[in-house]
Amino acid sequence: MGPADLAAAAEALFRAQEDRVPIAPLTGTWEGLDVTAAYEVQLANIARRVDAGDSVQGHKVGLSAKAMQQMLGVDEPDYGHLLESMFLWESDAVEVGRFLQPRAEIEVAFVLGRTLEGPGVTVADAIRATDFVLPSIEIVDSRVADWNIRLPDTVADNASSGAVVLGGSPTKLTDLDVRLVGATLRSNGELRETGASGAVLGNPAVAVAWLANKVAAFGVTLEAGHVIMPGSCTRMIPVAAGDVVTAEFDRLGSVSVSFT
């Protein structure tokens, strides 16, 4: 894809977000959209948001579960950026209308205490760099109609990012085995999903290390203070106005978000 096509793809996603109208899969419109080009599209829209006054406050890893990788026919995760405008307060009700096709999933969020700069970052480096972990809910969203996505579609669409709600109870990694954190996802009090942190590449710290090395190829560094969402412990569920979604984690506590 040439510069004009990349710009057009980025504009299509930007307009879908602004107008709240999903678009057809990018891979059907631009046959030359591969993963490398898709990351260029993602970075173009992140730069546009930052230029307008937003700021990068972290990153997310997507497709960290083997089942999702198999579904899209890939053998590694993808990543997206977390902007300041994506972080929501747990005490606030969230308007469903700010999203297009929202779904919720739950994750062990890592908060970095020091910078992680790849390549060559190991799991031990990721653990040393982590200040604490938090219970969290990620609201994923897609600007592509009916979630009809292939890997380049979700990469270009900032890894299908929507918003993040963080719990307020920090836990040091020395106080738990981050591979063995059980988790439940409830909607309106009903148990919808159960899982464990080990579903994320066997250890969510592996996802943090992978991310640091992956973004290095694009000149990106994971900064101290940034939030890293390593991937979901459970399958995602759709949400609608009136729903209250709660994530409960062994040793980490819980976090909830309500939708209006």
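Residues numbered from 1 in each chain as written. Predicted model: local features only at pLDDT ≥ 70, side-chain atom pairs only at ≥ 80, totals over all residues. Heavy atoms only, no water.

### Observations concerning the sheet that holds strand β12 (residues 244-249)
An order of β4-β13-β12-β8-β9 is seen for the 5 strands of this open sheet, with the pairing classed as mixed. Both outer strands of the open sheet, β4 (93-94) and β9 (190-196), are each paired with one neighbouring strand and no more. Where β12 and strand β13 (residues 253-259) come together, 6 bridges link them in antiparallel fashion. Bridge pairing links Ala247 to Val255 in β13. (Pairing = 2+ DSSP bridges. Helix = DSSP H or I, 4+ residues; strand = E, 2+ residues; numbered from the N terminus.)

### What about the packing of helix α1 (residues 3-19) against helix α3 (residues 35-51)?
At a closest axis distance of 9 Å, the pairing of α1 and α3 adopts a crossing angle of 55 degrees. It follows that α1 is oblique to α3 by the angle criterion. Here α1 runs over α3; the crossing is right-handed. Side by side, α1 and α3 meet where Leu6, Ala9, Ala10, Glu11, Leu13, Phe14, Arg15, Gln17 and Glu18 of the first sit next to Ala37, Glu40, Val41, Ala44, Asn45, Arg48 and Arg49 of the second. Residue classes in the contact of α1 with α3 are distributed as 8 nonpolar, 2 polar and 6 charged. (Axes fitted to C-alpha atoms, helices over the stretch in contact; angles between N-to-C directions. Parallel < 35°, antiparallel > 145°, perpendicular 65-115°, else oblique. Left-handed = near helix turned anticlockwise from the far one by under 90°. Contact = heavy atoms within 4.5 Å. Nonpolar A, V, L, I, M, F, W, Y, C, P; charged D, E, K, R; others polar.)

### Quick notes on the nonpolar core
Ranked by internal contacts, the top residues of the largest apolar core, which has 66 residues, are Phe110, Leu116, Ile137 and Phe249. Ranked by residue count, the leading element in this core is helix α7 (residues 204-216), at 8 residues. Counting residues in each nonpolar core, the second largest holds 10 residues, with Ile46, Val164, Val227 and Met229 among its members. (Core = buried A, V, L, I, M, F, W, Y, C linked by side-chain atoms within 4.5 Å. Buried < 20%, exposed > 50% of the residue type's maximum accessible area, 1.4 Å probe, protein only.)

### A word on the packing of aromatic side chains
To describe a pair of aromatic rings, you give the distance between the ring centres and the angle between the ring planes. Within this structure, the stated rule accounts for 3 aromatic pairs. Pairing Tyr39 with Tyr79 gives two aromatic rings, centres 4.8 Å apart and planes at 20 degrees, and the pair type is stacked. On the criterion of sequence distance, the pair formed by Tyr39 in helix α3 and Tyr79 in strand β2 (residues 78-83) is long-range, its members being 40 residues apart. A single burial state applies to Tyr39 and to Tyr79, both of which are buried. Centre to centre, the rings of Tyr39 and Phe218 are 5.1 Å apart; their planes meet at 50 degrees, and the pair counts as tilted. Of this pair, Tyr39 sits in helix α3 while Phe218 sits in the loop between α7 and β10 (227-229), and the two are 179 residues apart along the sequence. Overall, Tyr39 belongs to the buried group, its relative accessible area being 2%. For Phe218, a relative accessible area of 30% corresponds to the partly exposed category. A network of ring pairs unites the aromatic residues Tyr39, Tyr79 and Phe218 as a single cluster. The cationic tip of Arg48 hangs over the ring face of Phe14; the distance from NZ or CZ to the ring centre is 3.5 Å. (Phe/Tyr/Trp six-rings, centres within 6.5 Å; stacked < 30°, edge-to-face > 60°. Lys NZ or Arg CZ within 6 Å of the ring centre and 35° of its normal.)

### Comments concerning the environment of Ser160
Tracing the backbone shows Ser160 in the loop between α6 (151-156) and β7 (161-166). For the pair Ser160 and Val140, spaced 20 residues apart in the sequence, the C-alpha separation amounts to 5.8 Å. A polar contact of 2.8 Å, which involves the side chain of Ser160, links it to the side chain of Thr154. (Polar contact = N/O pair within 3.5 Å; in protein donor to acceptor, adjacent residues only side chain to side chain.)

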